[in-house]
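Report on the structure
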Amino acid sequence: MPQSKKRKSQQHPHPDFIPHEKKRQSAIPAAIIFCMLIGAGIAAFAVGFSMPELLLGAAIGGVVGFIAGKQMDKTFKIDKKQ
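Conventions adopted
- Residues numbered from 1 in each chain as written.
- Predicted model: local features only at pLDDT ≥ 70, side-chain atom pairs only at ≥ 80, totals over all residues.
- Heavy atoms only, no water.
- Phe/Tyr/Trp six-rings, centres within 6.5 Å; stacked < 30°, edge-to-face > 60°.
- Buried < 20%, exposed > 50% of the residue type's maximum accessible area, 1.4 Å probe, protein only.
- Helix = DSSP H or I, 4+ residues; strand = E, 2+ residues; numbered from the N terminus.
- Expected span 1.5 Å × (residues − 1).
- Contact = heavy atoms within 4.5 Å.
- Patch = residues over 30% accessible without salt bridge, like charges linked within 9 Å, V, L, I, M, F, W, Y side chains within 5 Å.
- Areas by Shrake-Rupley, 256 points an atom, 1.4 Å probe, with all protein chains shown as cover.
- Salt bridge = Lys/Arg side-chain N within 4 Å of Asp/Glu carboxyl O.

Concerning the packing of aromatic side chains
- Applying the stated criterion across every chain yields a total of one aromatic pair.
- Seen from their ring centres, Phe45 and Phe49 are 6.4 Å apart, and the 70° between their planes marks the pair as edge-to-face.
- Given a relative accessible area of 66%, Phe49 falls into the exposed group.

Spelled out as structure tokens, the structure:
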């Protein structure tokens, strides 16, 4: 009869750390904030420090920042196939 209790069990190696690929964050929020500040600054120096013009400059800067951020994400996209 086999003596299975005296046999050593199989040892399976388990890695302590499994490296995962870091998720890249989008550049859109940073570009929007940066361009909003630039747009508000240009509007402030161009027409003065009135609130409607500052808001319009910030809104136009936000749109430009959104477009620029989308383009940055598309430009710096990393292909996994390479």
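Next comes the rest of the account.
Examining helix 2 (residues 51-75)
- Taking 1.5 Å of rise per residue, 25 residues should cover 36 Å, and helix 2 covers 35 Å from first to last C-alpha, within 8% of that figure.
- Turning to helix 2, its buried residues are Leu54, Gly57, Ala58, Gly61, Gly62, Gly65, Gly69 and Asp73.
- Contact partners of the buried residues in helix 2: helix 1 (28-47).

As for a nonpolar patch on the surface
- On the surface, Phe34, Ile38 and Ile42 cluster together to form a nonpolar patch covering roughly 320 Å² of accessible area.
- Its place among the elements puts Ile42 in helix 1.
- Given a relative accessible area of 56%, Ile42 falls into the exposed group.

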